[in-house]
Amino acid sequence: MKKGWKHMLLLSAFTMTLAGCGSSAGSSTAATVPSTQANTGSEAQAAGPITIKHDGEDVTLDKPAERVVSLEWTYTENLIALGVQPVGNADNVQYKQYITSEAALDDGVTDVGMRGEPNLETIASLKPDLIIANATEDNKLYKQLQNIAPTIQFDLYSGDGYSYERMEETFNRIAGAVGREDQAKKVLSDLDQHYADAKQKLEAAGKSDFHYALTQAFTSQNAATLRMFSDNSVVAGTLAKVGLINDWQPEKMESYGFSTVGIEALKEVQDTNFLYITQPDDEIFGTAMADNTVWNGLNFVKEKRVYPLDSTLWTFGGPVSSKVLVDGVVGAIVK
């Protein structure tokens, strides 16, 4: 099993160890957002007390947060999209490995340890005025964090899972916490325009209503393990915004937005187009599949309808990840 994939599922950092784990108006989603270590913009400074709704009791701050510690990469990405660099982030090295450079983490951001086991002393030393964490089944860590600074938490996989709607909701709540609601509106508006531009590009290339199945794949116990994304995932919701149609339809709703399967399961979707994300040191659909009869017998393999995507596409991200996903997919299928 490749070490990095152990951390690729958002909620797993607190609850379990998983196996593996063109230009347009929308480009401003990440590239044109100012990078600041503390939230000192005029929008935040002008605001007074705010109440933040999250998956816990409402938290009230005297003013929007300026020094934020983020214990999950998705929240870190959201902060950066809003123009706020956190003072502390969990697992900087792997963040930089797995998250797009369009949401780059500043070198001055302090690493506060692993997402599932943050260093409380390091967090306290940063004197944060807000901590953003994942909700867990037991509230021991949450209570410890509350003793350091006001803490908000999100249970992204409750209900129907981390859908596109949940992504936007979480992004907007974090924007409220740091007094960047106007910036959030701009990010999402630019993203909608980016989708419209991408959809036009697909139409011009004759790729409207493009059918696909998308996986994030890795090696586990010497076998290929595939996370096949269903419609309630943020990635499928993102691709639907540009008219793409997801053909992976599991029999039951998967709360994490994907089914974990082996190569044999691909027979169910072999007539669609296959999109995949792997890591450079674990390219399971390359040499490893050269003599695999199941893989070589799939229609999308024989008809060369297989599209690799960049390894830094974060499948549990926010608006920046959605923009980068669309760019990657459109770039792969429009030649």
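Numbering of residues starts from 1 in every chain and runs along the sequence as written. It should be noted that, the model being predicted, local features are given only for residues of pLDDT at least 70 and side-chain atom pairs only at 80 or more, the latter also being counted only at that level, while totals for whole chains, interfaces and linings use all residues. Heavy atoms from the whole structure form the basis of all side-chain values; hydrogens and water molecules are not counted.

J.: I'd love a proper account of unusual backbone geometry, names of residues and values included.
T.: Positive phi, close to 60°, is recorded for Asp91, a residue that is not glycine. Residue placement: Asp91 occurs in the loop between strand S4 (88-89) and helix H4 (92-98). Even without a glycine there, the phi angle at Gln221 is positive, about 50°. Under the scheme used here, helices are H or I runs from DSSP no shorter than 4 residues and strands are E runs no shorter than 2 residues, and both carry numbers assigned from the N terminus.

J.: Can you explain the packing of aromatic side chains? Please cite residues and give values.
T.: Each pair of aromatic rings is reported with the distance of its centres and the angle of its planes. Centre distance within 6.5 Å is the pairing criterion for rings of Phe, Tyr and Trp, where only the six-membered ring of Trp is used; planes under 30 degrees apart are then read as stacked, over 60 as edge-to-face, and the remainder as tilted. Applying the stated rule across the entire model yields 18 aromatic pairs. Ring centres of Trp73 and Tyr98 lie 6.2 Å apart, and the angle between their planes is 20°; on these two criteria the pair is classed as stacked. On the criterion of sequence distance, the pair formed by Trp73 in helix H3 (residues 73-81) and Tyr98 in helix H4 is long-range, its members being 25 residues apart. Accessibility classification places Trp73 together with Tyr98 in one group, the buried group. Seen from their ring centres, Phe274 and Phe285 are 5.4 Å apart, and the 90° between their planes marks the pair as edge-to-face. With a gap of 11 residues between them, Phe274 in strand S12 (residues 273-277) and Phe285 in the loop between S12 and helix H10 (293-297) connect regions that are remote in the sequence. Of the residues examined, Phe274 reaches a relative accessible area of 0% and is grouped as buried. Think of it in three bands: residues with accessible area under 20% of the maximum for their type are buried, residues over 50% are exposed, and the middle band is partly exposed, with areas taken using a 1.4 Å probe on protein chains only. The exposure class of Phe285 is buried, given its relative accessible area of 8%. Ring pairing ties together the aromatic residues Trp73, Tyr95, Tyr98, Phe229, Tyr256, Phe258, Trp314 and Phe316, which thus form one cluster. For a lysine, the NZ atom is tested; for an arginine, the CZ atom; a charge sits over a ring if that atom is within 6 Å of the ring centre and within 35 degrees of the ring normal. Lying across the ring of Trp73, Arg115 places its NZ or CZ 3.8 Å from the centre.

J.: Go over the pairing of strand S7 (residues 151-154), please, and point to the residues and values.
T.: Neither face of S7 is left uncovered, since the one carrying Thr151 and Gln153 and the one carrying Ile152 and Phe154 both have all their residues buried. Between any two strands, pairing holds if DSSP finds at least two bridges. The pairing of strand S6 (residues 130-134) with S7 spans four bridges and is classified as parallel. Paired with Ala133 across the two strands is Gln153, which belongs to S7.

J.: I'd love a proper account of the environment of Leu82, names of residues and values included.
T.: Counting through the fold element by element, Leu82 comes out in the loop between H3 and S4. A relative accessible area of 0% places Leu82 in the buried class. Along the sequence, Leu82 and Phe171 sit 89 residues apart, while their C-alpha atoms lie 9.1 Å from each other.

J.: Before we move on, could you go through the side chain of Thr151 and cite the residues and values that matter?
T.: Summarising the element assignment, Thr151 is placed in strand S7. A relative accessible area of 1% places Thr151 in the buried class. Counting of polar contacts relies on pairs of N or O atoms within 3.5 Å, with two restrictions inside protein: one atom must be capable of donating a hydrogen and the other of accepting it, and residues adjacent in sequence are counted only when both atoms are side-chain atoms. At a separation of 3.4 Å, a polar atom in the side chain of Thr151 contacts the main-chain carbonyl oxygen of Leu145. We call two residues in contact when some of their heavy atoms are within 4.5 Å. When neighbours within four sequence positions are excluded, Thr151 is seen to be in contact with His54, Val59, Ile131, Ala133, Tyr142, Leu145 and Gln146.

J.: Go over the packing of helix H8 (residues 181-204) against helix H12 (residues 319-333) with me, naming the residues and quoting the values.
T.: A fitted line through C-alpha atoms represents every axis, and for helices the fit uses only the stretch in contact; the resulting angles, taken between N-to-C directions, go from 0 to 180 degrees. Contact geometry of H8 with H12 gives a least axis separation of 10 Å together with a crossing angle of 10°. One way to sum up the angle between H8 and H12 is to call them roughly parallel. Within the contact between the two elements, H8 uses Val187, Leu188, Leu191, His194, Tyr195, Ala198, Lys201 and Leu202 and H12 uses Pro319, Ser322, Lys323, Val326, Asp327, Val330 and Ile333. In terms of residue class, the contact of H8 with H12 is built from 10 nonpolar, two polar and three charged. The scheme is simple: roughly parallel for angles under 35 degrees, roughly antiparallel for over 145, roughly perpendicular for 65 to 115, oblique for anything else. Under the scheme applied here, ten amino acids are nonpolar (Ala, Val, Leu, Ile, Met, Phe, Trp, Tyr, Cys and Pro), four are charged (Asp, Glu, Lys and Arg), and all others, including Gly, are polar.

J.: Tell me about the environment of Glu264, and please be specific about residues and values.
T.: Here Glu264 is to be found in the loop between strand S11 (258-261) and S12. C-alpha separation for the pair Glu264 and Leu298, spaced 34 residues apart in sequence, amounts to 9.7 Å.

J.: Break down the packing of H3 against helix H7 (residues 164-177) for me, with residues and values.
T.: Running from amino to carboxyl end, H3 crosses H7 at an angle of 60°, the nearest separation of the two axes being 10 Å. Taken together, the axis directions place H3 and H7 in an arrangement best described as oblique. Crossing geometry of H3 relative to H7 is assigned as right-handed. For the pair formed by H3 and H7, the contact residues are Tyr75, Asn78, Leu79 and Ala81 on the first element and Thr170, Phe171 and Ile174 on the second. In the contact of H3 with H7, the residues fall into five nonpolar, two polar and no charged. Should the near helix be turned anticlockwise from the far one by less than a right angle, the crossing is left-handed, and should it be turned clockwise, the crossing is right-handed.

J.: An account of the side chain of Thr170 is needed here, citing residue identities and associated values.
T.: Residue position: Thr170 is located in helix H7. Among the residues examined, Thr170 registers a relative accessible area of 3% and is labelled buried. Here Arg166 takes part through its backbone oxygen, which lies 2.9 Å from a polar atom of the side chain of Thr170. If near-sequence neighbours (up to four positions away) are discounted, Thr170 is found in contact with Tyr75, Asn78, Phe154 and Leu156.

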